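Residue-level structure breakdown
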Amino acid sequence: IADVTEDVTIYHTGYGAREESGKSGRNLRLILLELEERPDSYEMWGYLGQEHMAAADWEQAESALKKAASLIPEEGKGVYDITLSLTYLRLLEVLIHRKTPEADLMRVYGQAIEWWPEEADYDYLLSRYFSAQGKWEQGERHLRRGLELLETYGTVCKSMLLAGEIRQAYELLAVCCHNRGNLREAVRYSALLLREDSYLMSTLTLMLRTFSKDEEIMSKGIEGARQVVCLLEDFYDLTSLKDRLFVLRAAMETGCQELIGAVRERFGSEELEVVEQALNR
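Now for a quick tour of the structure.

Reading the values: rules and limits
- Residues numbered from 1 in each chain as written.
- Predicted model: local features only at pLDDT ≥ 70, side-chain atom pairs only at ≥ 80, totals over all residues.
- Heavy atoms only, no water.
- Helix = DSSP H or I, 4+ residues; strand = E, 2+ residues; numbered from the N terminus.
- Rg over C-alpha atoms; globule rule 2.2 N^0.38 Å.
- Contact = heavy atoms within 4.5 Å.
- 1 Å grid on protein atoms, 1.4 Å probe; cavity = no way out; pocket = protein on both sides within 12 Å on 5 of 7 lines; lining within 4 Å.
- Points joined across faces, edges and corners; volume = space filled by probe spheres on them.
- Salt bridge = Lys/Arg side-chain N within 4 Å of Asp/Glu carboxyl O.
- Buried < 20%, exposed > 50% of the residue type's maximum accessible area, 1.4 Å probe, protein only.
- Core = buried A, V, L, I, M, F, W, Y, C linked by side-chain atoms within 4.5 Å.
- Axes fitted to C-alpha atoms, helices over the stretch in contact; angles between N-to-C directions.
- Parallel < 35°, antiparallel > 145°, perpendicular 65-115°, else oblique.
- Left-handed = near helix turned anticlockwise from the far one by under 90°.
- Nonpolar A, V, L, I, M, F, W, Y, C, P; charged D, E, K, R; others polar.
- Arc of directions from axis to C-beta.

This paragraph deals with the overall build of the protein. When helices and strands are counted, the protein shows 16 helices and zero strands. At 24 Å, the protein has a C-alpha radius of gyration far larger than the 19 Å of a compact globule built from 281 residues. Principal-axis analysis of the C-alpha atoms gives the protein an extent of 80 × 50 × 40 Å. Restricting the contact set of the protein to residue pairs at least 6 apart, pairs at least 24 apart contribute 60%.

To continue, consider empty space enclosed by the protein. Counted according to the given criterion, the structure contains one cavity of 30 Å³ or more. Lining the largest cavity are Glu43, Gly46, Tyr47, Thr83, Thr87 and Arg90. Those elements that place two or more of their residues in the lining of the largest cavity are helix H2 (42-54) and helix H4 (82-97).

Any two side chains of opposite charge can pair if their charged atoms end up close together. According to the stated counting rule, one finds 18 salt bridges in the structure shown. Lysine 66 serves as the salt-bridge partner of glutamate 62, at 2.7 Å between the closest nitrogen and oxygen. Remark: lysine 66 and glutamate 62 occur in helix H3 (residues 58-71); sequence separation between them is four residues, near one turn of the helix. Glutamate 185 is the salt-bridge partner of arginine 144, the closest N and O atoms lying 3.3 Å from each other. In this pair, arginine 144 sits in helix H7 (residues 136-153) while glutamate 185 sits in helix H10 (residues 183-196), placing the two residues 41 residues apart along the sequence. For arginine 144, a relative accessible area of 25% gives the class partly exposed. By relative accessible area, glutamate 185 is classed as buried at 19%. When salt bridges with common partners are traced through the structure, they connect Glu140, Arg144, Arg180, Glu185 and Arg188 into a single cluster.

By size, the foremost hydrophobic cluster in this structure holds 32 residues, and its most contacted members are Leu204, Met207, Leu208, Leu232 and Tyr236. Other than its neighbours up to four places away in sequence, leucine 204 contacts Leu194, Leu232, Tyr236, Phe246, Val247 and Ala250. One finds Ala61, Leu91, Leu92 and Val108 within the second-largest nonpolar core, a separate group that totals 25 residues.

Moving on, we come to the packing of helix H13 (residues 222-231) against helix H15 (residues 257-264). Relative orientation of the contacting elements H13 and H15 amounts to 60°, with a least axis distance of 8 Å. Relative to H15, H13 is oriented oblique. Both H13 and H15 take part in a crossing whose hand is right-handed. The segment H13 lies against H15, with Ile222, Ala225, Arg226, Val228 and Val229 engaging Glu258, Leu259, Gly261, Ala262 and Val263. Of the residues belonging to the contact of H13 with H15, the class tally is seven nonpolar, one polar and two charged.

On to H15. All of the buried residues in H15 are Leu259, Ile260, Ala262 and Val263. All buried residues of H15 lie within an arc of 165° about the axis, which places them on one face of the element. Where the residues of H15 are buried, they touch helix H11 (201-212), H13 and helix H14 (241-254).

The next subject is the packing of H14 against helix H16 (residues 269-279). Orientation of H14 relative to H16, taken along the N-to-C sense of each, is 50°, at an axis distance of 13 Å. When the interaxial angle is binned, H14 and H16 end up oblique. In this structure, H14 meets H16 at a crossing whose hand is right-handed. Judged by residue contacts, Leu241, Arg244, Leu245, Leu248 and Met252 of H14 engage Glu271, Val275 and Leu279 from H16. Looking at the contact of H14 with H16 residue by residue, the class counts come to six nonpolar, no polar and two charged.

The following block contains the structure:
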């Protein structure tokens, strides 16, 4: 019998919906009672911050988590521990939610990566933060760093957010590359995702939008668009009506008339009549 206890992480997500309503109040009371006895417990302050986050009380959450961070012992800094790391991860989440000035946010991030450099989730959070603001270069930089850390250190008791959203992370990386004009990389990451799951509409749409920005391809007009559609045969069976409809929908999302026309050429006249009727309903 194999022993995998050192390779398995059990991540407790809470209780079922039936128990959820009473859980928060009960936990809060217990934490406050514990803090009366142990007011310098960074763990209890961290749990308190988590409870306030669950209740969407962001101001109180920030206060509790900052208190927890201030109480972390020096000997705990530099030695990876999931409780310590999560304290800073949650603090970053709260600061982002509260639209904290970027300089203050980066100061907390700097402390976190100095003390627990194995944790990839700090960079993943920041990649989403910067990308949401259209700061694609920073978003890409932090995302690449997070993915490198994930590859180097793995996911045993760490980097659970990025590991759990790995598809979304690579799609975000493709988006960053697309918006920075790095079209080759945007197509490459989109292709990696589509090979895993060809029915990711947002990913296919992004790939087609990227091709539509390629001046060399689109300067050829409909011939360039036909080349793009031929490339899609690596992911789709274009003899299948289901796949053709999926690709047509993605092409229409781009608004690129050449691509739409090239995909429509793969339909028979009777099929197009049915498609047009369906679209006009």
